[in-house]
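Each chain, written out:
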Amino acid sequence: MTAIRPEEALAQAYDGITAVVGGLDDAGLQRATRCRGWLIADLLLHVLGDAQRALVALASPVDGPADVDDVSYWRDFPGNDDEAARHAWWVRRSAAAFDRPTGIVQLWRDTAPAAVRAAGSADPQGYVTTQGHVLRVLDFLATLATEAVIHHLDLTLELPDAPPPGPLAVRVAVATMDGLLSDDAVRPTAWTDHDYLLKATGRVPLTDRDRLELGESAGWFPLLG
């Protein structure tokens, strides 16, 4: 796992999302994202679910050992396509139940900082359970930061002037992708960290040049969905 303190990366990741959505009105929250079929409000509700899941997990420590770490956790994803489609539809209907999209932003503003505080108070040597797995607390926080960074980039599809995710959080997400990539792979030198994350998660397709530079490792992409 990366040497960066995951609780700091998580705080930066969640602050970054708040910076993107905090100033949007109801119309702005109905812009498209990189997640097919989801508006910004829908995707924010999905990430809100992660923050709520963090609060539950961190308040309910379990005994170890861990069965996955911050990298192997992702090897169960993207999972069954039908299951993913059902979740996407559930999120859309749940977001539509809010009287206004800005109501989701307010709930996010209340919940995300609470999850960050819980992360800072958790025993770094402890264990939690989530999504059917047991993880070390620090690895769990790294998974949350990674997902938040990727979704931050998803949120900005139609927001070119939006602030980027913070550097510590990006480093955690990049370390995750490095862990999922073949040991023999060398990341194309022209890729920025954001390019890497978008291509590693299938948001942006590989070019012919990318495939040439990656060689056989191109077959690993996307590394997660």
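In the block above lies the structure referred to throughout.
Sequence order as written defines residue numbering, which begins from 1 separately in each chain. Local features in a predicted model are, by the rule used here, given only for residues with pLDDT of at least 70; side-chain atom pairs are given and counted only at 80 or more, and totals for whole chains, interfaces and linings are based on all residues. Excluded from the side-chain calculations are hydrogens and water; all other atoms, namely the structure's heavy atoms, are used.

Undergrad: What is the right way to read the overall build of the protein chain from this model?
TA: Numbering of helices and strands runs from the N terminus, with a helix taken as a DSSP run of H or I at least four residues long and a strand as a DSSP run of E at least two residues long. The helix and strand tally for the protein chain stands at eight helices and two strands. Across the protein chain, helices and strands are ordered from the amino to the carboxyl terminus as α-α-α-α-β-β-α-α-α-α. Values of the radius of gyration come from C-alpha atoms, whereas the globule rule sets the reference at 2.2 Å times the count of residues to the power 0.38. The C-alpha atoms of the protein chain give a radius of gyration of 17 Å, which matches the 17 Å a tight globule of 225 residues would have. Considered along the principal axes of its C-alpha atoms, the protein chain spans approximately 50 × 45 × 35 Å. Each residue's exposure class comes from its accessible area (1.4 Å probe, protein chains only) as a fraction of the maximum for that residue type: buried when under 20%, exposed when over 50%, partly exposed otherwise. Each of the 225 residues in the protein chain was classed as buried or not, and the buried ones make up 49%. Each accessible area is a Shrake-Rupley estimate made with a 1.4 Å probe; only the visible protein chains count as cover when residues are assessed. Accessible surface, the protein chain: about 11100 Å² in total, of which carbon and sulfur atoms supply 51%. The averaged location of the 32 negative side-chain charges in the protein chain is 4 Å from the averaged location of its 19 positive side-chain charges. By the counting rule applied here, Lys and Arg register as positive and Asp and Glu as negative, while His and the ends of each chain are not counted. A single reference atom marks each charge: NZ on Lys, CZ on Arg, CG on Asp, CD on Glu.

Undergrad: Would you explain helix 7 (residues 193-200) in this entry?
TA: Because each turn of an α-helix spans 3.6 residues, side chains separated by three or four positions end up pointing in the same direction. Listed as buried for helix 7 are Tyr196, Leu197, Leu198, Lys199 and Ala200. Only heavy atoms matter for contacts: two residues are in contact if any of them lie within 4.5 Å across the pair. The inward-facing, buried residues of helix 7 abut helix 5 (137-155), helix 6 (167-180) and helix 8 (208-214).

Undergrad: Would you mind going over the pattern of salt bridges with me for this structure?
TA: When their charged atoms lie close together, side chains carrying opposite charge are able to pair. When a carboxyl oxygen of Asp or Glu is within 4 Å of a side-chain nitrogen of Lys or Arg, the pair counts as a salt bridge. Applying the stated criterion across every chain, the model contains ten salt bridges. Within the structure, one salt-bridge network assembled from shared partners comprises Arg5, Glu7 and Glu8.

Undergrad: Would you explain unusual backbone geometry in this entry?
TA: Excluding glycine, residues mostly have negative phi values, and the peptide bonds linking residues are mostly trans. Look at the link from Gly64 to Pro65: it is a cis peptide, with omega at 5°. Locating Pro65 in the fold gives a position in the loop between helix 2 (40-58) and helix 3 (81-96). The omega torsion across Phe221 and Pro222 is -5°, close enough to zero to call that bond cis. Tracing the sequence through the fold places Pro222 in the segment after helix 8. Look at Gln131: it is not a glycine, yet its phi comes out positive at around 50°. Assignment of secondary structure puts Gln131 in the loop between strand 1 (127-130) and strand 2 (133-136).

Undergrad: Quick question: what am I supposed to make of the side chain of Ser217 here?
TA: Tracing the backbone through its elements, the reader meets Ser217 in the segment after helix 8. Residues in contact with Ser217, not counting those within four places in the same chain, are Ser182, Asp184 and Ala185.

Undergrad: Can you help me understand the pairing of strand 2 in this one?
TA: Taken residue by residue, a regular strand's side chains alternate between the two faces of the sheet. Here, a strand pair is defined by DSSP locating no fewer than two bridges between the strands. Pairing geometry for strand 1 and strand 2, over four bridges, is antiparallel. By the bridge assignment, Thr129 is partnered in strand 2 with Val134. Where strand 1 folds back onto strand 2 in an antiparallel hairpin, the turn is made up of two residues, including Gln131, whose phi is positive at roughly 50°.

Undergrad: How should I be thinking about helix 5 in this particular structure?
TA: To estimate the expected span of a helix, count its residues, drop one, and scale the result by 1.5 Å. Over its 19 residues, helix 5 runs 27 Å from end to end, which matches the ideal 27 Å to within 8%, given 1.5 Å per residue. In terms of burial, helix 5 is largely enclosed, as 19 of its 19 residues are buried.

Undergrad: Honestly, the nonpolar core in this entry has me stumped. Any pointers?
TA: Nonpolar side chains tend toward joint burial in soluble globular proteins. Among buried residues, the Ala, Val, Leu, Ile, Met, Phe, Trp, Tyr and Cys ones that are joined through side-chain atoms within 4.5 Å form a nonpolar core. Residues Tyr14, Leu58, Trp108, Phe140 and Met177 are the most contacted members of the largest nonpolar core, which totals 67 residues. Secondary structure elements with two or more residues in this core: helix 1 (6-21), helix 2, helix 3, helix 4 (102-121), helix 5, helix 6 and helix 7. Per-element accounting of this core gives the leading share, eleven residues, to helix 2. Setting aside residues no more than four positions away along its own chain, Phe140 makes contact with Arg53, Ala54, Ala57, Leu58, Val128, Thr130 and Leu135. Core analysis: the second largest hydrophobic core is formed by five residues, Ile4, Ala142, Ala145 and Val172 among them.

Undergrad: Is there a simple way to think about the packing of aromatic side chains in this case?
TA: The geometry of an aromatic ring pair is captured by two quantities: the separation of the ring centres and the angle between the planes. In summary, the pairing rule links any two rings of Phe, Tyr or Trp, Trp by its six-membered ring, whose centres are within 6.5 Å, and it sorts them by plane angle into stacked for under 30 degrees, edge-to-face for over 60 and tilted for everything else. Applying the stated criterion across every chain, the model contains four aromatic pairs. Measuring from centroid to centroid gives 6.0 Å for Trp191 and Phe221, while their planes differ by 75°, and the two rings are edge-to-face. Here Phe221 lies in the segment after helix 8 and Trp191 lies in the loop between helix 6 and helix 7, a separation of 30 residues in the sequence. Exposure remark for Trp191: the relative accessible area of 7% places this residue in the buried category. Under the relative-accessibility criterion, Phe221 is labelled buried at 12%. Three or more aromatic residues joined by ring pairs make a cluster, and in this case those are Trp191, Tyr196 and Phe221.

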